[in-house]
Amino acid sequence: MSRPALSDPLGTALTWVWAFGTAAGLAMVGLLAQGESSADRDFLTHPSLNVDDPGPDDPAG
């Protein structure tokens, strides 16, 4: 008479934790990548706030 192999409850729990962690990590990477790409688009649409330094012959400097 043979008994069916019992599943390992700790292994099953760790597998589910790994799967949910991987899915959450990939979702976070996707959100960060989407935020970065929209920040790049916003950066390109707004003028730069940098000002060149006045030269030595500049009367305002």
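Above this note sits the structure.
Draft legend 1. The overall build of the protein, seen in detail. Scanning the protein from terminus to terminus reveals 1 helix and 0 strands. Put simply, the protein has 61 residues, and 0% of those count as buried. For the protein, the accessible surface area stands at approximately 6,100 Å², while carbon and sulfur atoms represent 66% of it.

Draft legend 2. Structural detail: a nonpolar patch on the surface. Among the surface-exposed residues, Met28, Leu31 and Leu32 lie close enough to one another that they form a single nonpolar patch of about 320 Å² accessible area. Mapped onto the elements of the fold, methionine 28 is located in helix α1 (residues 9-45). For methionine 28, a relative accessible area of 46% puts it in the partly exposed group.

Rules and cut-offs
Residues numbered from 1 in each chain as written. Predicted model: local features only at pLDDT ≥ 70, side-chain atom pairs only at ≥ 80, totals over all residues. Heavy atoms only, no water. Helix = DSSP H or I, 4+ residues; strand = E, 2+ residues; numbered from the N terminus. Buried < 20%, exposed > 50% of the residue type's maximum accessible area, 1.4 Å probe, protein only. Areas by Shrake-Rupley, 256 points an atom, 1.4 Å probe, with all protein chains shown as cover. Patch = residues over 30% accessible without salt bridge, like charges linked within 9 Å, V, L, I, M, F, W, Y side chains within 5 Å. Salt bridge = Lys/Arg side-chain N within 4 Å of Asp/Glu carboxyl O.

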